[in-house]
Amino acid sequence: MTVLRRVARPMLASMFISGGYGAVRDPARLAPVAEPVTDRVTEMLAPWSSLLPEDPERLVRLNGVVQLGAGLLLALGRAPRLASAALAVTLVPTTLAAHRYWTIEDPEKRAAQRVQFLKNTSLLGGLLIAAADTHGKPSLAYRTRSTASHASAAVAHQAHAAAGTARKHLP
């Protein structure tokens, strides 16, 4: 792992470790703010509602557990792409719940929440980059295409050789 990744991953993860710990420890403090979003998420995921708790406090705690766990994984460099993707998924409802600046009338509070919203948007961008980071190695999609191309070329070569052999033995 390069020095850049060794330093940047814990820095990116720190916000999620801290926020996740707070959500796990005291979800009641965050639940009232999260409730409009948790209600929408529960509606959207109705077919799978048996898998998710409907109580906003439990959803906040679940979100916190994912943020804490994935944040620790990212900070330690363990499954960093998966951890980054999980953090990105949790960041969207967190941002929509906590930083609804468009609903605030007071200009100062609105500006402060807009800054927090944009900060989270920036974090989301960093997480998406981290989720796509292949450590300088070709991506799985590239390796799959390359392997398929090589296999196709090998099959074509064998077929051409077999046809040449067959031509020699035919009258």
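Residues numbered from 1 in each chain as written. Predicted model: local features only at pLDDT ≥ 70, side-chain atom pairs only at ≥ 80, totals over all residues. Heavy atoms only, no water.

- Naming follows an unreviewed UniProt entry, where the chain appears as DoxX family protein of Kitasatospora albolonga.
- Recorded under Subcellular location (unreviewed entry), the UniProt text for the chain is reproduced unchanged: "Cell membrane". (UniProt positions renumbered as here; feature names shortened; annotations may be inferred.)

Some details on the overall build of the chain
Here is step 1 of the chain: Of the regular secondary structure elements, the chain holds 6 helices and 0 strands.
Here is step 2 of the chain: The globule rule puts the C-alpha radius of gyration for 171 residues at 16 Å, and the 24 Å found for the chain is more than 25% above it.
Here is step 3 of the chain: For the chain, the spread of C-alpha atoms along the three principal axes comes to 90 × 45 × 30 Å.
Here is step 4 of the chain: Within the chain, contacts between residues at least 6 apart in sequence are counted, and of these 67% link residues at least 24 apart.
Here is step 5 of the chain: Accessible surface for the chain amounts to roughly 11,500 Å². Of this, 65% is attributable to carbon and sulfur atoms.
Here is step 6 of the chain: Each charge sign in the chain was given a centre, from 20 positive and 11 negative side chains, and these centres are 21 Å apart. (Helix = DSSP H or I, 4+ residues; strand = E, 2+ residues; numbered from the N terminus. Rg over C-alpha atoms; globule rule 2.2 N^0.38 Å. Contact = heavy atoms within 4.5 Å. Areas by Shrake-Rupley, 256 points an atom, 1.4 Å probe, with all protein chains shown as cover. Lys, Arg positive; Asp, Glu negative; His and termini not counted. Charge placed at Lys NZ, Arg CZ, Asp CG, Glu CD.)

Description of the packing of aromatic side chains
Here is step 1 of the chain: Throughout the structure, instances matching the rule amount to 3 aromatic pairs.
Here is step 2 of the chain: Arranged with centres 5.4 Å apart and planes meeting at 65°, the rings of tyrosine 101 and phenylalanine 117 form a pair that is edge-to-face. Of the two residues, tyrosine 101 sits in the loop between helix 4 (80-98) and helix 5 (107-132) while phenylalanine 117 sits in helix 5, which places them 16 residues apart along the sequence.
Here is step 3 of the chain: Taken together, the ring pairs in this structure connect Tyr101, Trp102 and Phe117 into an aromatic cluster. (Phe/Tyr/Trp six-rings, centres within 6.5 Å; stacked < 30°, edge-to-face > 60°.)

A word on a negative patch on the surface
Here is step 1 of the chain: A cluster of acidic residues, Glu35, Asp39, Glu43, Asp55 and Glu57, forms a negative patch at the surface.
Here is step 2 of the chain: Among the elements that take part in the negative patch, helix 2 (residues 27-44) stands out by supplying 3 residues, more than any other.
Here is step 3 of the chain: Within the element layout of this structure, glutamate 43 appears in helix 2.
Here is step 4 of the chain: Glutamate 43 sits in the exposed class, given a relative accessible area of 61%. (Patch = residues over 30% accessible without salt bridge, like charges linked within 9 Å, V, L, I, M, F, W, Y side chains within 5 Å. Salt bridge = Lys/Arg side-chain N within 4 Å of Asp/Glu carboxyl O. Buried < 20%, exposed > 50% of the residue type's maximum accessible area, 1.4 Å probe, protein only.)

Quick word on helix 2
Here is step 1 of the chain: For helix 2, which comprises 18 residues, the first-to-last C-alpha distance of 22 Å sits more than 12% below the rise-based estimate of 26 Å (1.5 Å per residue).
Here is step 2 of the chain: Close packing links the buried residues of helix 2 with helix 1 (3-25), helix 3 (56-76) and helix 4. (Expected span 1.5 Å × (residues − 1).)

Re the environment of glycine 22
Here is step 1 of the chain: Here glycine 22 shows up in helix 1.
Here is step 2 of the chain: For the pair glycine 22 and histidine 157, spaced 135 residues apart in the sequence, the C-alpha separation amounts to 61 Å.
Here is step 3 of the chain: Not counting residues up to four positions away in its chain, the partners in contact with glycine 22 are Pro27 and Arg29.

Let's talk about the pattern of salt bridges
Oppositely charged side chains may form a pair once their charged atoms are brought near each other.
Here is step 1 of the chain: In total, this model carries 3 salt bridges according to the counting rule given.
Here is step 2 of the chain: Arginine 9 is paired through a salt bridge with aspartate 133; the nearest N and O atoms lie 3.7 Å apart. Here arginine 9 is found in helix 1, whereas its partner aspartate 133 is found in the loop between helix 5 and helix 6 (140-169), with 124 residues between them in sequence. As far as the burial class goes, arginine 9 and aspartate 133 line up, both buried.
Here is step 3 of the chain: Note that arginine 29 and aspartate 26 form a salt bridge whose closest N and O atoms lie 3.8 Å from each other.
Here is step 4 of the chain: One network of salt bridges, with partners in common, ties together Arg5, Arg9 and Asp133.

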